[in-house]
Amino acid sequence: MPLTLTQRCCHLLAPLIPFTVVFIHLSDDDGVRQVFEEMRGLYDQNVAAANDSTADPDGTAISSIAIRHAALERNKRCLMAYVFNRSKKLRNMRWQFGSILPPEIKANLCEPEIQWFNSYSKCLARYMKSIGGQGLNLAQDVKPPKSLYVEVRSLIDYGKFELDNGEVVLLKKHSTHLMSRAQCEPLIIQGVLEQINH
Amino acid sequence: MEDTFGEDDYFGEDEHIPAHEVLQTLEDAWLNEKFCPDLLPSQDSYVEAMMEQIQQMEDNLTKLKKTDFRVEVHHMELARIRYIITSYLRTRIEKIEQNTAFILEQETTRSPENPHLSEGELNYAREFLALQENHQKQLVLKHVPPPFQDFMSTQQSLVPNLRSHIFLRAKKDVNGVVIEGDRDTRDEEVDLEENSQHIMQYKPIANLIHDGSVQLI
């Protein structure tokens, strides 16, 4: 069924609404392009109607122009919302994975989005460096601490991991460790370790 | 808490505020920020003071023997304080990113002595807005018909819902809080008793958060 006026852009936005779903095959280029085309078509019709001032005895042309104009505004707004919400997902990735994107996510991004991610990353790093004169990493300490040590299980063969006090632990798949929360938190967020709850 | 910071822990040379009071202020600010729809004035001087304090305590801890059981307790305490600080600043950054243009515009209407953003946050907000504008231009605005190409940051920006409801506790007696009525009801005045708790819209009590008469919970 062909999509009617401005419906195409709603189809772009729909998958972004459930925020828990990490839907990042984002470059639905075809959909975006069709919205652009629709907008160009509407605009051309409006220009033509505005120039043809002779043929409007009963004022219908004016109302058509107004409707087309509203549709154009709406499409623009939807496109911007689409881009904004995608950037918001990318932002969350920055907080989760740090400044380097996992390749499987990168594959679903377009060039300007990768640039946006890098600039955002820099911008955030600059701010974190400026906090309190000495800098503070806000991506750490994301959960209220309940105890200093947590029991964790390694989900992958990570290899050697050096602790703050110089000791080295070997993180093998399925091995369990009792580690200080501060040290293993980044690894938990990255999905290397899993916290074991009793 | 008092045990962690001895009574003789003071901040700076001229400002004699005990460390636990600074922490209390930060905790209040953190909760307020967390539950408030709008961005509240930054407490960056307290954040800075607390961070210096943490640094100092960490240094002191390395001097203690590892087997000393107090080390663990103090590490835990430090981890809690760090969580409060990072969570507080994270909440603020989230609000800034969500309502960038609105917050920047509000900031220009305030006097320079009474800013809501710290210097770092202000720079961040400006950079973030520029980043978003450039991004939208690249991906959307460049490709739409000419009359629709401007960014109009304030129009596109999201605005916090100042009418959303919040839970609060009055720290002291406040008389005559005016609650605006809508079409069907008239304006109403309520008195908040000390230590009483209420659910109400954010807007009428916004000023009371600023002067510390109420605490959001």
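Residues numbered from 1 in each chain as written. Chains lettered and ligands numbered in written order. Predicted model: local features only at pLDDT ≥ 70, side-chain atom pairs only at ≥ 80, totals over all residues. Heavy atoms only, no water.

Quick note on the threshold: UniProt positions are given in the numbering used here, feature names are shortened, and annotations may be inferred rather than shown by experiment.
Labelled according to an unreviewed UniProt entry, chain B appears under the name DNA replication complex GINS protein SLD5, originating from Frankliniella occidentalis. Turning to chain B, the UniProt record has this under Subcellular location (unreviewed entry): "Nucleus".

Named according to an unreviewed UniProt entry, chain A is DNA replication complex GINS protein PSF1 originating from Frankliniella occidentalis. Database annotation for chain A, UniProt heading Sequence similarities (unreviewed entry): "Belongs to the GINS1/PSF1 family." Here chain A is described in UniProt, under the heading Subunit (unreviewed entry), as follows: "Component of the GINS complex."

1. Observations regarding helix α1 (residues 19–35) of chain B
Residues and elements named next belong to chain B. To keep things clear, this is the line we draw: In this text, helices come from DSSP runs of H or I with a minimum length of four residues, and strands from runs of E with a minimum of two, each type numbered from the N-terminal end. Helix span, as expected, comes to 1.5 Å for every residue beyond the first. With a 1.4 Å probe rolled over the protein chains alone, any residue whose accessible area is under 20% of its type maximum counts as buried; one over 50% counts as exposed, and the rest are partly exposed. Any two residues whose heavy atoms approach within 4.5 Å at even a single point are treated as in contact.
Along its 17 residues, α1 runs 25 Å from first to last C-alpha, staying within 8% of the 24 Å computed at 1.5 Å per residue. Listed as buried for α1 are A19, V22, L23, L26, D28, A29, W30, N32 and E33. Summarising the contacts, the buried residues of α1 are in contact with α2 (44–63), α3 (69–98), α7 (202–210) and β5 (214–216).

2. Observations regarding the UniProt feature "domain: DNA replication complex GINS protein PSF1 C-terminal" (unreviewed entry) in chain A
Using the residue numbers shown here, the UniProt feature "domain: DNA replication complex GINS protein PSF1 C-terminal" (unreviewed entry) corresponds to residues 146–197 of chain A. Within residues 146–197 of chain A, the helical portion is 19% and the strand portion 42%, while the C-alpha atoms at the span's ends are 12 Å from each other.

3. Things to note about the pairing of strand β1 (residues 165–170) of chain B
Residues and elements named next belong to chain B. Note the cut-off: The pairing criterion for strands is at least two bridges between them, as found by DSSP.
Burial along β1 is one-sided: the face carrying I166, L168 and A170 is buried and the face carrying H165, F167 and R169 is not. Pairing between β1 and strand β4 (residues 197–201): five bridges, direction antiparallel. Within β4, the residue paired with L168 across the bridge is H198. By the bridge criterion, three bridges tie β1 to β5 in an arrangement that is antiparallel.

4. Regarding the UniProt feature "domain: GINS subunit" (unreviewed entry) in chain A
The feature "domain: GINS subunit" (unreviewed entry), as given by UniProt, occupies residues 60–131 of chain A in the numbering adopted here. In the segment residues 60–131 of chain A, helix accounts for 86% and strand for 0%; the C-alpha atoms at its two ends are 60 Å apart.

5. A look at the domain arrangement of chain B
All names here are of chain B. The condition that has to hold: Those domain boundaries reflect an automatic or database domain assignment. Buried area: the sum, over both parts, of the accessible surface (1.4 Å probe) that disappears when the two are put together. Salt bridges are identified by distance alone: a Lys or Arg side-chain nitrogen within 4 Å of an Asp or Glu carboxyl oxygen. N or O atoms within 3.5 Å of each other form a polar contact, as long as, within protein, one can give a hydrogen and the other can take it, and as long as residues adjacent in sequence are counted only when both atoms are side-chain atoms. Residue type decides the class: Asp, Glu, Lys and Arg count as charged, Ala, Val, Leu, Ile, Met, Phe, Trp, Tyr, Cys and Pro as nonpolar, and the leftover types, Gly among them, as polar.
Domain annotation of chain B identifies domain 1 (19–158) and domain 2 (161–216). Its C-alpha centre places domain 1 at a distance of 25 Å from the equivalent point of domain 2. Counting residues at the interface gives ten residues for domain 1 and ten residues for domain 2. Here domain 1 and domain 2 share an interface that buries about 840 Å² over both sides, 62% of which is from carbon and sulfur atoms. Among the residues of domain 1 in contact with domain 2, N32, F35 and P37 are the three that bury the most area, contributing 50% of the side total. Taken together, the connections running from domain 1 to domain 2 amount to one salt bridge. Across the salt bridge formed by D28 and K171, the nearest N and O atoms sit 3.4 Å from each other. Across the contact surface, domain 1 and domain 2 share four residue pairs in polar contact (both at pLDDT 80 or more). Of the residues belonging to the side of domain 1 that touches domain 2, the class tally is six nonpolar, two polar and two charged.

6. Looking at the sheet that holds β1 of chain B
Residue and element names in this part refer to chain B. What counts is decided by this rule: Inter-axis angles, ranging from 0 to 180 degrees, are taken between N-to-C directions of lines fitted to C-alpha atoms, where helices are fitted over the stretch in contact.
The three strands lie next to each other as β4-β1-β5, forming an open sheet whose pairing is antiparallel. One side of each edge strand has no neighbouring strand; the edge strands of this open sheet are β4 and β5. For this sheet, the mean angle separating the axes of adjacent strands, direction not counted, is 40 degrees. Relative to the sheet, α1 contacts β1 and β5, its axis offset from that of β5 by approximately 65 degrees. Sheet strands touched by α7: β1, β4 and β5. Its angle to β4, the strand with the most contacts, is close to 120 degrees.

7. As for empty space enclosed by the protein
Residue and element names in this part refer to chain B. For the record, the criterion: The distinction between a cavity and a pocket rests on a 1 Å grid over the protein atoms alone: a 1.4 Å probe fits inside a cavity but cannot get out, while a pocket stays open yet meets protein on both sides within 12 Å along at least five of seven lines, and a residue with an atom within 4 Å of a point counts as lining. Grid points are joined across faces, edges and corners, and a volume is the space filled by probe spheres set on the points.
Summed over the entire model, instances satisfying the criterion amount to one cavity of 30 Å³ or more. For the largest cavity, the calculated volume is near 40 Å³. Forming the walls of the largest cavity are D38, L39, F102, I103, Q106, R110 and H116. Of the residues assigned to the lining of the largest cavity, the class counts are three nonpolar, two polar and two charged.

8. With respect to the interface of chain A and chain B
Contact residues are listed per partner, giving 46 residues for chain A and 46 residues for chain B. For the pairing of chain A and chain B, the buried interface totals around 4,200 Å² over both sides, and the portion due to carbon and sulfur atoms is 67%. Considering only the surface of chain A that becomes buried against chain B, K76, M80 and Y127 of chain A emerge as the three largest contributors, covering 16% of it. Here R126 of chain A and E127 of chain B are joined by a salt bridge, their closest N and O atoms 2.7 Å apart. Listed by contribution, the elements that provide at least two residues to the side of chain A that touches chain B are α2 (29–51), α3 (60–97) and α5 (111–130) of chain A.

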